[in-house]
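Here are the chains, one letter per residue:
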Amino acid sequence: MKLRRVINGEKTIKDVGSWKTGEKMPRTAFPVRGAGFKVPGKYTWRIVRFLCEGESFRLLMAYRLDLQRAMFYLGKEVVSEMLVLCRYEFHADEPGWHMHCICDDKDKTSGRLTCDDKRLPHWASFHRELTLGITRAEDAYKRADRVFRLSKTPPYELEGQPWQA
């Protein structure tokens, strides 16, 4: 399935996990091959599980304010592993918010964190947002909601439970 169809498609939220800080993420939260993906200890993280066009997906949100870093991994559930479709992130090593993604999951291998087929925008291109813009958990969820369109309609507010609107 193409990434654009997942992002733009109508979603049914199955589960919105709670925010956790300093708590070890279980392997089953975002399963990848080998030792599993681990969110570093001082990060605040959360998993959102949803359905889109009959397939299951997970969105891992994680951020660390003291380092001015954030990462959002979108993965498709394939048997007992995740096929990572994209990584949306902000960090000091590269300018602005950007996405590393694969445009089509055909012939891609599940269970790996790499999704570096394309970087949008290109590192040398214009970037709209050059600051992290996250000061609390609600800001991180709003960004994920806006980028991955978890809510069905704008304005993507977080009052109450936005995923049930």
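Since this is a predicted model, take the numbers as computed values, not measurements.

Asks: If you had to explain the nonpolar core to someone new, which residues and values would you point to?
Replies: Core analysis: the biggest nonpolar cluster contains 33 residues, and Phe50, Leu59, Phe72, Leu74 and Phe148 have the highest contact counts within it. Those elements giving two or more residues to this core turn out to be α1 (3-8), β1 (11-16), β3 (44-52), β4 (55-64), β5 (69-78), β6 (81-90), β7 (98-101) and α2 (137-148). Per-element accounting of this core gives the leading share, six residues, to α2. With residues up to four places along the chain from it excluded, the contact list for Leu74 reads Leu3, Val6, Phe30, Phe50, Phe57, Arg58, Leu59, Leu83, Val84, Leu85, Cys86 and Phe148. Residues Ala29, Phe30, Ala62 and Met71 belong to the second largest nonpolar core, which totals 15 residues.

Asks: I'd like a description of the packing of aromatic side chains, backed by residues and values.
Replies: Here a ring pair, both rings aromatic, is described through the centre-centre distance and the interplanar angle of the planes. A complete count under the given rule lists eight aromatic pairs for this structure. Ring centres of Phe72 and Trp97 lie 6.0 Å apart, and the angle between their planes is 40°; on these two criteria the pair is classed as tilted. Linking Phe72 in strand β5 with Trp97 in the loop between β6 and β7, this pair joins segments that are 25 residues apart in sequence. Measuring from centroid to centroid gives 6.3 Å for Tyr88 and Phe148, while their planes differ by 90°, and the two rings are edge-to-face. Of this pair, Tyr88 sits in strand β6 while Phe148 sits in helix α2, placing them 60 residues apart in sequence.

Asks: Give me the lowdown on the pattern of salt bridges, citing residues and values where you can.
Replies: Across all of its chains, the model carries eight salt bridges by this definition. A salt bridge links Glu89 to Arg87, with the shortest nitrogen-to-oxygen separation between them at 2.9 Å. In this pair, the class of Glu89 matches that of Arg87, namely buried. A salt bridge links Arg136 to Glu138; its shortest N-O distance comes to 3.8 Å. The partly exposed category is assigned to Arg136, whose relative accessible area is 43%. Accessibility expressed as a relative area gives 39% for Glu138, which makes it partly exposed. Ionic contacts of the salt-bridge type, sharing partners, join the residues Arg49, Arg58 and Glu77 into one network.

Rules behind the numbers
- Residues numbered from 1 in each chain as written.
- Predicted model: local features only at pLDDT ≥ 70, side-chain atom pairs only at ≥ 80, totals over all residues.
- Heavy atoms only, no water.
- Core = buried A, V, L, I, M, F, W, Y, C linked by side-chain atoms within 4.5 Å.
- Buried < 20%, exposed > 50% of the residue type's maximum accessible area, 1.4 Å probe, protein only.
- Helix = DSSP H or I, 4+ residues; strand = E, 2+ residues; numbered from the N terminus.
- Contact = heavy atoms within 4.5 Å.
- Phe/Tyr/Trp six-rings, centres within 6.5 Å; stacked < 30°, edge-to-face > 60°.
- Salt bridge = Lys/Arg side-chain N within 4 Å of Asp/Glu carboxyl O.

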